[in-house]
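Chain by chain, the residues run as shown.
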Amino acid sequence: MLNKLIWGKSDKHSQDLQERISEISNEEVPAHIAIIMDGNGRWAKKRALPRVAGHHEGMKNVRKITRAANAIGVKAITLYAFSTENWKRPRKEVEFLMRLPEEFLGSFLPELMELNIRIEMIGEMDVLPDHTQRAVQNAMEQTKDNTGMVLNFALNYGSRTELVLAMQRIAKKIKDGDLEVSDITEHNITSELMTANLPDPDLLIRTSGEIRLSNFMLWQLAYTEFWFTEILWPDFDEHAFFDAIKDYQKRNRRYGGLKGE
Ligand code: V07
């Protein structure tokens, strides 16, 4: 019963997953997980498929990992779906990517409603194609009263731009006489960021063997545990995800209570 609600079916695979979950501690589940979903192009290349086939497979994997995160009680996941750098890719590829939110939501939105998941996004929305904006806006609107996990998409997101915009807003408040220079604190910088309503990530996962941040959540990741894997994003399944969680819990226990610094 429960199995079916969480995984959409109740077969051998979902029983295996349920068993993996029982190995995970309920107490130290990371509240917020950020993921850089890298390696979709390489996944396609290995199979002599066009790059977009890799992006499409990567999109299907978002659904898998969303369910897995939801099943273990994660409060929020932030997925780096499209960076401000990604505009430099071939026009056809960008056009394909900009259709993925619609396709994803077209098939997955009813399930998100059932799972009580709320969709949010960070990044500059206004330069995305109208059809993409409409799809995402509509999904945010439909899921806005859901009280479960937050599924946060970083779309046209760049951390330095986010910080620049935050600084500009703070400067304007000072110029307008609404804020004193001495009142610029970590707290009010945090609250000007696009992630203002989310806690800082506890865990960052990057797939595909790249070991850098690529302008992702620079401020927010100050104290985050990093977990890197060679696995390409379309191959990063529930088992790999639970491996990351178990490693995180091991590290957490090692630091025992000395968290934060
Ligand atoms: C994209 C699939 C995942 C791998 C990384 C690149 C390609 C899901 C979305 C999405 C975004 C917003 C939303 C619902 C779904 C998405 C883009 C690319 C641009 F509300 N996957 N995915 N958006 N990829």
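I keep staring at the confidence of the model for the protein chain and nothing clicks. Help me out?
Caution is warranted with low-pLDDT regions, since their predicted coordinates should not be read in detail. In the predicted model, the protein chain carries a mean pLDDT of 95, and 97% of its residues have values of at least 70. Across the protein chain, element-level confidence peaks in strand 1 (residues 32-36) with a mean pLDDT of 99 and bottoms out in helix 1 (residues 2-7) with 71.

When you look at the packing of aromatic side chains in this model, what are you seeing that I'm missing?
In this description, an aromatic ring pair is defined by two values, namely the gap between the centres and the angle between the planes. Scanning all chains against the criterion turns up ten aromatic pairs. On the numbers, 5.9 Å between centres and 55° between planes, the contact of Phe241 with Phe242 is tilted. With respect to class, Phe241 is no different from Phe242; both count as buried. Put simply, the rings of Tyr80, Tyr157 and Phe216 pair up and form one aromatic cluster.

I tried to follow the site of the ligand on my own but got confused; where do I start?
Near the ligand there are 16 residues, and of these Met59, Leu97, Phe104, Phe153 and Leu155 occur at the shortest range. The fraction of the free accessible surface of the ligand (510 Å²) that becomes covered by protein chains is 98%. Cavity membership is defined here by more than half of the atoms lying within 2 Å of grid points; on that basis the ligand lies in the largest pocket. Counted by class, the shell around the ligand contains 13 nonpolar, three polar and no charged residues.

What is the right way to read helix 2 (residues 12-22) from this model?
Owing to its 3.6 residues per turn, the α-helix brings residues three or four apart onto one side. Looking at helix 2, one finds that the buried residues are Ser14, Leu17, Arg20 and Ile21. Along the long axis of helix 2, the arc covered by the buried residues comes to 110°, so they all point the same way. Turned more than 90 degrees from where helix 2 packs its buried face, Lys12, Glu19 and Ser22 sit exposed.

It is not clear to me how the packing of helix 4 (residues 51-71) against helix 6 (residues 100-114) should be interpreted in this structure. Could you clarify?
Each pair of packed helices gets described by two things: the angle between the helix axes and the distance between those axes. For the pair helix 4 and helix 6, the least separation of the axes is 11 Å and the interaxial angle reads 25°. The pairing of helix 4 with helix 6 is recorded here as roughly parallel in orientation. Regarding helix 4 and helix 6, the two cross each other, and that crossing is right-handed. Facing His55, His56, Met59, Val62, Arg63, Thr66 and Arg67 of helix 4, the residues of helix 6 in contact are Leu100, Glu103, Phe104, Phe108, Glu111 and Leu112. In terms of residue class, the contact of helix 4 with helix 6 is built from six nonpolar, three polar and four charged.

Sorry, what's going on with the side chain of Ser208 here?
Residue position: Ser208 is located in the loop between strand 5 (203-206) and strand 6 (225-228). Assessed through its relative accessible area of 1%, Ser208 is described here as buried. Ignoring any residue separated from it by four or fewer positions in sequence, one finds Ser208 in contact with Asp38, Gly39, Arg42, Thr229, Glu230, Ile231 and Leu232.

It is not clear to me how the pattern of salt bridges should be interpreted in this structure. Could you clarify?
A full pass over the atoms with the stated rule returns 24 salt bridges. Of the charged contacts, one joins Asp38 and Arg206 as a salt bridge, the two residues approaching to 2.8 Å between their closest N and O atoms. You can see Asp38 sitting in the loop between strand 1 and helix 3 (40-46) and its partner Arg206 sitting in strand 5, a full 168 residues away along the chain. Between Arg251 and Glu225 there is a salt bridge, with its nearest N and O atoms 2.7 Å apart. Here Arg251 is found in helix 10 (residues 238-255), whereas its partner Glu225 is found in strand 6, with 26 residues between them in sequence. One exposure class covers both Arg251 and Glu225, and it is buried.

What is the right way to look at the layout of surface pockets in this model?
Where empty space is left in the structure can be found by rolling a water-sized probe over the atoms. Estimated volume of the largest pocket: approximately 820 Å³. Lining the largest pocket we find 37 residues, and of these Met37, Asn40, Tyr80, Ala81 and Asn86 sit closest to its centre. Secondary-structure elements contributing two or more residues to the lining of the largest pocket are helix 3, helix 4, strand 2 (76-83), helix 6, strand 3 (118-122) and strand 4 (150-157). Among the residues forming the lining of the largest pocket, the class breakdown is 19 nonpolar, nine polar and nine charged.

Can you help me understand the sheet that holds strand 4 in this one?
Hydrogen bonds between backbone groups are what pair the strands of a sheet, and the pairing can be parallel or antiparallel. The strand order across the open sheet formed by six strands is 3-4-2-1-5-6, and the pairing between neighbours is parallel. With one partner strand each, in any of the chains shown, strand 3 and strand 6 form the two edges of the open sheet. Averaged over all pairs of adjacent strands, the angle between strand axes in this sheet comes to 20°, irrespective of strand direction. Relative to strand 4, strand 3 is paired through five bridges, and the arrangement is parallel. Paired with Glu120 across the bridge in strand 4 is Asn152. Of the strands in this sheet, strand 3 and strand 4 touch helix 7 (residues 130-143), which is tilted by about 135° from strand 3.

Analysis parameters
- Residues numbered from 1 in each chain as written.
- Predicted model: local features only at pLDDT ≥ 70, side-chain atom pairs only at ≥ 80, totals over all residues.
- Heavy atoms only, no water.
- pLDDT = per-residue confidence, 0-100.
- Helix = DSSP H or I, 4+ residues; strand = E, 2+ residues; numbered from the N terminus.
- Phe/Tyr/Trp six-rings, centres within 6.5 Å; stacked < 30°, edge-to-face > 60°.
- Buried < 20%, exposed > 50% of the residue type's maximum accessible area, 1.4 Å probe, protein only.
- Near = heavy atom within 4 Å.
- Areas by Shrake-Rupley, 256 points an atom, 1.4 Å probe, with all protein chains shown as cover.
- 1 Å grid on protein atoms, 1.4 Å probe; cavity = no way out; pocket = protein on both sides within 12 Å on 5 of 7 lines; lining within 4 Å.
- Sits in = over half its atoms within 2 Å of the grid points.
- Nonpolar A, V, L, I, M, F, W, Y, C, P; charged D, E, K, R; others polar.
- Arc of directions from axis to C-beta.
- Axes fitted to C-alpha atoms, helices over the stretch in contact; angles between N-to-C directions.
- Parallel < 35°, antiparallel > 145°, perpendicular 65-115°, else oblique.
- Left-handed = near helix turned anticlockwise from the far one by under 90°.
- Contact = heavy atoms within 4.5 Å.
- Salt bridge = Lys/Arg side-chain N within 4 Å of Asp/Glu carboxyl O.
- Points joined across faces, edges and corners; volume = space filled by probe spheres on them.
- Pairing = 2+ DSSP bridges.

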